[in-house]
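A structural walkthrough
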Amino acid sequence: MAKVLSILALLLAVGKFSEALDNGLVLTPPMGWLSWERFRCNTDCKNDPENCISERLFMEMAERMAKGGFKEAGYEYIISDDCWLNKSRDADGFLIPDPERFPNGIKFLSDYVHSLGLKFGIYEDIGTFTCGGFPGIAGHEKQDMQTFADWGVDYIKIDGCYKDPNTFPQVYPDVGRYINETGRPMVYSCEWPLYVNSNVTIPWVNISNTCNLWRGYGDVQDDYNSLVDIAEWYAENQDVLIPIAGPGRWNDPDMLIIGDFELSFDQQKTQMALWSVLAAPLLMSNDLRHLEPQFRRILLNRNVIAVSQDKLGIQGRRIVDSLKGNGVEVWVRPITPTAQTVDATVFSFAVCKKNVDASLSLSKSHDTHTRDHNFGWQTSSQKEWSEFEPN
């Protein structure tokens, strides 16, 4: 199984990359917690009160994120995915949460999350229904965005079920405009490219000018093959994806499944490393109430988070695949510090090597044309993962 061998920084000259989306939000990849992969659409609070999609679940996750060192590390969004809604709108056509699972309403939950110094996110769908069968925003787009603003929402994820993808070039920008018209800063996460037919050219530039982040490939599953599949898609499409990403607009390979059930310790390190090199959002989907210390250390590794949150916001790329690299893949990402020469900007590089035969070794460059900076990922021992424990 693949394992992270090292993260290094190298000085190399590269060209220009994407400039920022100018709404001023998520100028580095967003970090936080999202309910879907771990808790799905569990609405059975009678038989499973601890794990159902409910006010209690989000309050408890917010408490763990605020007090467990995550907030200090940069994790700030608590985001509800699908299945928080009532099965129908109220008599006046407004969205309402399920009254039994969210007895105090969304405004109460949002205020509670804010009281902990965190931000609150919510899910909806561009179509007539959400993917889970709850009311979508179609026909109510402007009204619903104002409702979210009134509730104090900071982050909106808009899925793409139950809607003709041919309408996306119109409806997704419309929703973005309605978000801006509320006057409340709200991150806009969209699923636009995920639903476009494979025979249709995806308007990547339009998407990156509309949304702060977007999903381009299938849902991550709690399975290592799922991670490999996602990484391969990003590598195959990197020449299209890298130019459209940058501060304020991010390709989203989906949630971090670190601390869940099926990945080995080293496979979880692999995801954290690769997602950081990809400049991907770091949105955990796990149970923070029962997170084992070794997985917590992965998620709180200061050195890896520093790569993720590098202010340049340049997405990394695969430069060596496993076939050409004798079983080793090499991914690189330009990061700070930089220097300026007469002809070019010179960047440092974060380098992620993952070995498909599961062997571990310390890799450190001594190329005379590069300056090495070790990020502390000494793979021959546990020192590669900082023993960082929040005070």
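The coordinates are above.
Description of the structure in this document.

Rules used throughout
- Residues numbered from 1 in each chain as written.
- Predicted model: local features only at pLDDT ≥ 70, side-chain atom pairs only at ≥ 80, totals over all residues.
- Heavy atoms only, no water.
- Helix = DSSP H or I, 4+ residues; strand = E, 2+ residues; numbered from the N terminus.
- Buried < 20%, exposed > 50% of the residue type's maximum accessible area, 1.4 Å probe, protein only.
- Areas by Shrake-Rupley, 256 points an atom, 1.4 Å probe, with all protein chains shown as cover.
- Phe/Tyr/Trp six-rings, centres within 6.5 Å; stacked < 30°, edge-to-face > 60°.
- Lys NZ or Arg CZ within 6 Å of the ring centre and 35° of its normal.
- Salt bridge = Lys/Arg side-chain N within 4 Å of Asp/Glu carboxyl O.
- Axes fitted to C-alpha atoms, helices over the stretch in contact; angles between N-to-C directions.
- Parallel < 35°, antiparallel > 145°, perpendicular 65-115°, else oblique.
- Left-handed = near helix turned anticlockwise from the far one by under 90°.
- Contact = heavy atoms within 4.5 Å.
- Nonpolar A, V, L, I, M, F, W, Y, C, P; charged D, E, K, R; others polar.
- Disulfide = S-S within 2.5 Å.
- Expected span 1.5 Å × (residues − 1).
- Polar contact = N/O pair within 3.5 Å; in protein donor to acceptor, adjacent residues only side chain to side chain.

Observations concerning the overall build of the chain
Counting its regular elements, the chain contains twelve helices and 13 strands. Residues classed as buried in the chain amount to 58% of the 391 residues present. In the form shown here, the chain has an accessible surface area of approximately 15900 Å², with 49% of it arising from carbon and sulfur atoms.

Points about the packing of aromatic side chains
Taken as a whole, this structure holds 13 aromatic pairs when the rule is applied. Here Phe168 and Tyr172 contribute two aromatic rings whose centre-to-centre distance is 5.0 Å and whose plane-to-plane angle is 85°, an arrangement assigned as edge-to-face. Of this pair, Phe168 and Tyr172 both sit in helix α6 (residues 168-181), four residues apart, roughly one helical turn. Exposure class is identical for Phe168 and Tyr172. Each is buried. Here the aromatic residues Trp33, Phe39, Phe58 and Phe102 are joined through ring pairs into a cluster of three or more. Over the ring of Phe39 we find Arg38, and its NZ or CZ is 6.0 Å from the ring centre. Above the face of the Phe134 ring, Lys87 is positioned so that its terminal group lies 4.1 Å from the ring centre.

Some remarks on the pattern of salt bridges
All chains considered together, the criterion is met by 22 salt bridges. For Glu191, the salt bridge is made with Arg215, and the minimal N-O distance between the two is 3.5 Å. With Glu191 in the loop between β6 (187-190) and α7 (204-210) and Arg215 in strand β7 (residues 213-215), this pair connects stretches of sequence that are 24 residues apart. Take Glu191: its relative accessible area is 2%, and that puts it in the buried class. The buried category is assigned to Arg215, whose relative accessible area is 2%. Within the structure, one salt-bridge network assembled from shared partners comprises Arg56, Glu60, Asp287 and Arg289.

Digging into the packing of helix α8 (residues 224-236) against helix α10 (residues 265-277)
The contact between α8 and α10 brings their axes to 11 Å, and the two run at 25°. Relative to α10, the element α8 lies roughly parallel. Handedness of the crossing formed by α8 with α10: left-handed. Here Tyr224, Leu227, Ile230 and Ala231 of α8 lie close against α10, whose contacting residues are Gln267, Thr270, Gln271, Leu274 and Trp275. Along the lines of polarity and charge, the residues of the contact of α8 with α10 split into six nonpolar, three polar and no charged.

Some details on the state of the cysteines
Enumeration according to the criterion identifies four disulfides in this entry. The disulfide bridge from Cys41 ends at Cys83, spanning 1.8 Å between sulfur atoms. Note on the Cys41 and Cys83 pair: the S-S dihedral is about -110°, so by sign convention the disulfide is left-handed. Separated by 42 residues along the polypeptide, Cys41 in the loop between α1 (36-39) and α2 (55-67) and Cys83 in the loop between β3 (77-79) and α4 (105-115) bring together distant segments of the chain. Taking relative accessible area as the criterion, Cys41 reaches 30% and is therefore assigned partly exposed. Note that Cys131 is cross-linked by a disulfide to Cys161, the S-S spacing being 2.0 Å. Between Cys131 and Cys161 the disulfide shows an S-S torsion of about 95°. By sign, it is right-handed. A residue pair is termed long-range when its members are at least 10 positions apart, and Cys131 in the loop between β4 (119-125) and α5 (141-150) and Cys161 in the loop between β5 (155-159) and α6 qualify at 30 residues. Here the cysteine-cysteine linkages of the chain are recorded as 1-4, 2-3, 5-6, 7-8, numbering only bonded cysteines and doing so in sequence order.

Focus: α10
Because an α-helix completes one turn every 3.6 residues, residues spaced three or four positions apart along the sequence face the same direction. Counted at 1.5 Å a residue, the expected span for α10 with its 13 residues is 18 Å, and the 19 Å between its end C-alpha atoms agrees. Most of α10 is tucked away, with twelve of its 13 residues classed as buried. Buried residues of α10: Asp266, Gln267, Gln268, Lys269, Thr270, Gln271, Met272, Ala273, Leu274, Trp275, Ser276 and Val277, and no others.

Considering the side chain of Asn251
Inspection of the secondary structure puts Asn251 in strand β8 (residues 250-252). On the basis of relative accessible area, Asn251 is assigned to the buried category, the value being 2%. Here the side chain of Asn251 touches Trp214 through a polar contact of 2.7 Å, side chain to side chain. In this structure the side chain of Asn251 is engaged in a polar contact, spanning 3.0 Å, whose partner is the backbone oxygen of Leu241.

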